[in-house]
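Here's the letter readout for the chains.
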Amino acid sequence: MKKLWLSLFVITGLVFMLAACGTSNEGTNEQAAPAEGENLYEKIKEEGVIRIGTEGTYAPFTFHDESGELTGYDVEVAKEVANRLGLEVEFMETQWDAMFAGLDAERFDMIANQVGIKPERQEKYDFSTPYTISTAVVVVHKENNDIQSFEDLEGKKAAQSLTSNYGEMAKANGAELVGVEGFIQAIELITSKRADLTLNDKLSVLDFLKQKPDAPIKIVAESDDAAESAFMFRQGNEELVEAVNGALKEMKEDGTLKQISEKWFGEDVSE
């Protein structure tokens, strides 16, 4: 009887051990299985929302109107792209100098903030097809007659976002940079004569003068080279870039992009 009991105990223990090992292996297999190959665009479509980084202080591209609503040329273009992709938009506002870091940290999926296409950025990021073509202009106080061209920037104080295309251009022409958070602050420094100039987007300046024709500023020089601006993405998300490009192409073909341009600038700035 004692031998029978001992045999049953051993058998039961073996059955328990085998069952436990089977359970352990099954759990390990499930946990080690590779995650479903889901790219960023598929994830965005599943959630139904695309997160877009923007400045919110750069009129007329991305700013808040009198009611406090975020609006502007870039905002409208981004909304229309998202609409054509069947997506809702969540704009995430941040200062320009922190915007690239926010994209790197995956706080948002793309940037819509007049980001200029340039080789050093293309090494790290992907861009959509351009939706804005513009030139850089030098803006000074109306009483400033010392600056008439880009050659006159040497040793002058330029109010610029420190990592922007225009900041780099001003520095390359010998200007000393005075850091600002956006276009409006740059204009304020010029009108108060705390800075000599700002090198900025012609369309922004024309829009500002349209809104405030009595502002004591003037354009004294314009660059020969046109700049192209586009949406910017982290690399490795080709499906998202292709989808956005497809929407932009449709908007160009059916005249929607031209219509948005003319609303904000009186002419087509996408060509």
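Residues numbered from 1 in each chain as written. Predicted model: local features only at pLDDT ≥ 70, side-chain atom pairs only at ≥ 80, totals over all residues. Heavy atoms only, no water.

Caption draft 1: Looking closely at the overall build of the protein chain. For the protein chain, the count of helices and strands is ten helices and eleven strands. For the protein chain, the proportion of its 271 residues judged to be buried stands at 43%. Excluding contacts between residues fewer than 6 apart, the proportion of contacts in the protein chain whose partners are at least 24 apart in sequence is 70%. (Helix = DSSP H or I, 4+ residues; strand = E, 2+ residues; numbered from the N terminus. Buried < 20%, exposed > 50% of the residue type's maximum accessible area, 1.4 Å probe, protein only. Contact = heavy atoms within 4.5 Å.)

Caption draft 2: Fine view of the pattern of salt bridges. Evaluation of the coordinates by the stated rule reveals eleven salt bridges. Of the charged contacts, one joins Lys 263 and Glu 76 as a salt bridge, the two residues approaching to 2.4 Å between their closest N and O atoms. Note that Lys 263 is positioned in helix 10 (residues 256–265) and Glu 76 in helix 3 (residues 73–84), a separation of 187 residues in sequence. The class of Lys 263 is exposed, set by a relative accessible area of 55%. In this structure, Arg 84 and Glu 80 form a salt bridge, with 2.7 Å as the shortest nitrogen-oxygen distance. Of the two residues, Arg 84 and Glu 80 both sit in helix 3, four residues apart, roughly one turn of that helix. One salt-bridge network, in which partners are shared between bridges, spans Glu 80, Arg 84, Glu 250 and Asp 254. (Salt bridge = Lys/Arg side-chain N within 4 Å of Asp/Glu carboxyl O.)

Caption draft 3: Main features of helix 9 (residues 238–253). Between its first and last C-alpha atoms helix 9 spans 22 Å; for 16 residues at 1.5 Å apiece the expected length is 22 Å, and the two agree. When helix 9 is considered as a whole, its buried residues turn out to be Leu 240, Val 241, Ala 243, Val 244, Ala 247, Leu 248 and Met 251. Summarising the axial view, the buried residues of helix 9 lie within an arc of 165 degrees, below the 170-degree limit, and thus occupy one face. Exposed side chains of helix 9 directed beyond 90 degrees from the buried face belong to Glu 242, Lys 249 and Glu 253. (Expected span 1.5 Å × (residues − 1). Arc of directions from axis to C-beta.)

Caption draft 4: Focus on the pairing of strand 1 (residues 49–54). Sheet topology places strand 1 next to strand 4 (residues 88–93); six bridges connect them, and they run parallel. Opposite Ile 52, over in strand 4, you have Phe 91 as the bridge partner. Summarising the sheet, strand 1 and strand 5 (residues 110–116) pair through two bridges and their orientation is parallel. Looking at the pairing, Gly 53 lines up with Ile 111 of strand 5. (Pairing = 2+ DSSP bridges.)

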